[in-house]
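# A closer look at the structure
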Amino acid sequence: MLLDKYKGIIPAFYACYDESGEISPERIKLLANHLYEKGVQGLYVGGSSGECIYQNLEERKATLKYVSESLKGKLTLIAHVGAPSTKESVELAKYAEELGYDALSAIPPIYFKLPESSIEKYWTEIMDSTELPFIIYNIPQTTGYNLSINLLTKLLKNDKLIGVKNSSMPVMDIERFKAAAPEEFIVFNGPDEQYVSGRLIGADSGIGGTYGVMPELFLKAEEFVVAGNFSEARKIQRDINDIIIALCSLNGSMYSTIKEIYKLRGINIGSVRGPLEPVSGEDLGKIEIIKNMIDVAKQKFGIEN
Ligand SMILES: CC(=O)N[C@@H]([C@@H](O)[C@H](O)[C@H](O)CO)[C@@H](O)CC(=O)C(=O)O
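Residues numbered from 1 in each chain as written. Predicted model: local features only at pLDDT ≥ 70, side-chain atom pairs only at ≥ 80, totals over all residues. Heavy atoms only, no water.

## Describing the confidence of the model for the protein chain
Under the convention used in this document: Each residue carries a pLDDT value, the predictor's own confidence for that position, ranging from 0 to 100.
When pLDDT is averaged along the protein chain, the result is 97, and 99% of the positions lie at 70 or above. Overall fold confidence for the complex sits at a pTM of 0.98, while the interface term, ipTM, reaches 0.97.

Here is the structure:
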């Protein structure tokens with residue numbers, strides 16, 4: 001089936017910086033290849049985890065380019081092109097198409113609280129700007145807009161719309177989007193804390209911000225779901241949630257904690273860009289503990305690498 005390439009574990013790609021905080025081509029390639037070797041299905045490039053709203057157009061284009069240079073044809077690549085203006089979003093969309101991305105995705109417009117008609121126009125103009133399939137990124141907790149069934153139904157008239165990446169917290173939203181759309185329409189689970197329940201209620205796949213730091217655990221969770229082994233699926237979700245709570249517990253941001261864990265593994269992708277804060281002070285000493293939580297969970301579920 002045509003849309004099968006979107007099914008599986010799709011980490012949201014982290015922003016990769018050098019020591020002075022500039023986009024690092026080498027580190028982008030290092031992370032891209034590392035995730036490829038882990039066996040994930042694809043990458044979601046330039047979204048929240050990609051710190052997209054803190055990067056200018058040229059920096060976002062550079063990230064899209066270096067990821068595609070590393071992995072085009074090897075993994076499903078989705079480019080997040082949401083930007084403050086339609087003009088910039090369309091420019092990114094066209095660039096992603098030139099680079100050979102498989103699909104586009106975008107949050108709704110941000111900053112001004114716009115009527116639904118503007119959101120419809122914004123997503124439609126992005127869809128119409130290329131031949132690529134499009135995935136709505138619904139993340140009401142950061143954008144202030146929750147995709148309505150009414151707008152989804154209108155947008156479904158456009159054949160390019162193939163899915164919704166749903167990061168709203170109620171798993172029922174996933175079920176409602178599935179119910180409103182044709183059978184093949186893909187709903188991606190967004191909240192990693194609810195991966196298993198999202199899949200059970202109808203999500204076909206997942207895109208997540210913590211997959212990158214523990215892809216093995218999400219790949220295993222997916223294996224349990226597919227096998228119908230719900231008791232093990234629940235157990236691994238519990239361990240994942242303990243880890244996510246720990247990732248979010250330090251001063252700085254979740255992403256800076258994740259990047260420090262990567263450094264302990266010998267993969268340096270730099271730190272975060274302000275206003276996100278790096279982990280500092282005594283919390284730096286806690287990174288090793290969180291890394292160990294991931295290693296222990298992997299061992300518990302018989303994951304070797
Ligand atoms: C608000 C937020 O960042 N949500 C994350 C989740 O994956 C989130 O990191 C995770 O559930 C931990 O809370 C994703 O939906 C983000 C994402 O996929 C992206 O980076 O574009």
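## Structural notes on the UniProt feature "active site" (unreviewed entry) in the protein chain
For the record, the criterion: UniProt positions are given in the numbering used here, feature names are shortened, and annotations may be inferred rather than shown by experiment. For each structure, a 1 Å grid was placed over the protein atoms alone; sets of points admitting a 1.4 Å probe that cannot get out are labelled cavities, open sets with protein on both sides within 12 Å along at least five of seven lines are labelled pockets, and lining residues have an atom within 4 Å of a point. Using a 1.4 Å probe on the protein chains alone, a residue whose accessible area is under 20% of its type maximum counts as buried, one over 50% counts as exposed, and one in between counts as partly exposed. Contact criterion: two residues are considered in contact whenever any of their non-hydrogen atoms come within 4.5 Å of each other. Two N or O atoms count as a polar contact when they lie within 3.5 Å, although within protein this holds only if one can serve as hydrogen donor and the other as acceptor, and sequence-adjacent residues are included solely when both atoms are side-chain atoms. Segments assigned H or I by DSSP are reported as helices when at least four residues long, segments assigned E as strands when at least two residues long, and all are numbered from the N terminus.
In this numbering, the UniProt entry assigns the feature "active site" (unreviewed entry) to Tyr137 and Lys165. The annotated residues occupy 29 residues of the chain but converge on a single region, no pair of C-alpha atoms lying more than 4.8 Å apart. Lining the largest pocket, from the residues just named, are Tyr137 and Lys165. Classification of Tyr137 by relative accessible area gives buried; the value is 4%. With near-sequence residues (within four places) excluded, Tyr137 lies in contact with Tyr44, Ser48, His80, Ser105, Ala106, Ile107, Pro108, Trp123, Lys165 and Ser167. Looking at Tyr137, its side chain comes within polar contact range of the side chain of Ser48, at 2.6 Å. Inspection of the secondary structure assignment puts Lys165 in strand E6 (residues 161-166). Residue contacts for Lys165: discarding those within four places in its chain leaves Tyr44, Ile135, Ile136, Tyr137, Asn138, Phe188, Gly190 and Ile207.

## A few points about a nonpolar patch on the surface
Just so we agree on the cut-off: Patch definition: residues with relative accessible area over 30% and no salt bridge; like charges joined within 9 Å; nonpolar side chains (Val, Leu, Ile, Met, Phe, Trp, Tyr) joined within 5 Å. Note on areas: Shrake-Rupley with a 1.4 Å probe; residue coverage comes only from the protein chains shown. The term salt bridge refers to a side-chain nitrogen of Lys or Arg lying within 4 Å of a carboxyl oxygen of Asp or Glu.
On the surface, Tyr111, Phe112 and Leu114 cluster together into a nonpolar patch covering about 420 Å² of accessible area. Looking at where Tyr111 falls in the secondary structure, it is placed in the loop between strand E4 (103-106) and helix H4 (116-129).

## Let's talk about the site of the ligand
Put simply, the test is: The cutoff for a nearby residue is simple: one of its non-hydrogen atoms must lie within 4 Å of the molecule or strand. By definition, a pocket or cavity contains a molecule when more than half of the molecule's atoms lie within 2 Å of the pocket's grid points. Amino acids outside the nonpolar list (Ala, Val, Leu, Ile, Met, Phe, Trp, Tyr, Cys, Pro) and the charged list (Asp, Glu, Lys, Arg) are all regarded as polar, and Gly is one of them.
Around the ligand sit 20 residues in total, of which Ser49, Lys165, Ser167, Glu193 and Gly209 are the nearest. One nitrogen or oxygen atom from the side chain of Tyr137 is found 3.0 Å from an oxygen atom belonging to the ligand. The contact in question runs from an oxygen atom of the ligand to an N or O atom on the side chain of Ser167, over 2.7 Å. Coverage of the ligand by the protein amounts to 87% of the 490 Å² it exposes when considered alone. Using a 2 Å cut-off from the grid points, one finds that the ligand occupies the largest pocket. Among the elements of the structure, strand E8 (205-208) and helix H11 (254-264) are those that each provide at least two residues to the shell around the ligand. Class assignment for the residues of the shell around the ligand results in nine nonpolar, eight polar and three charged.

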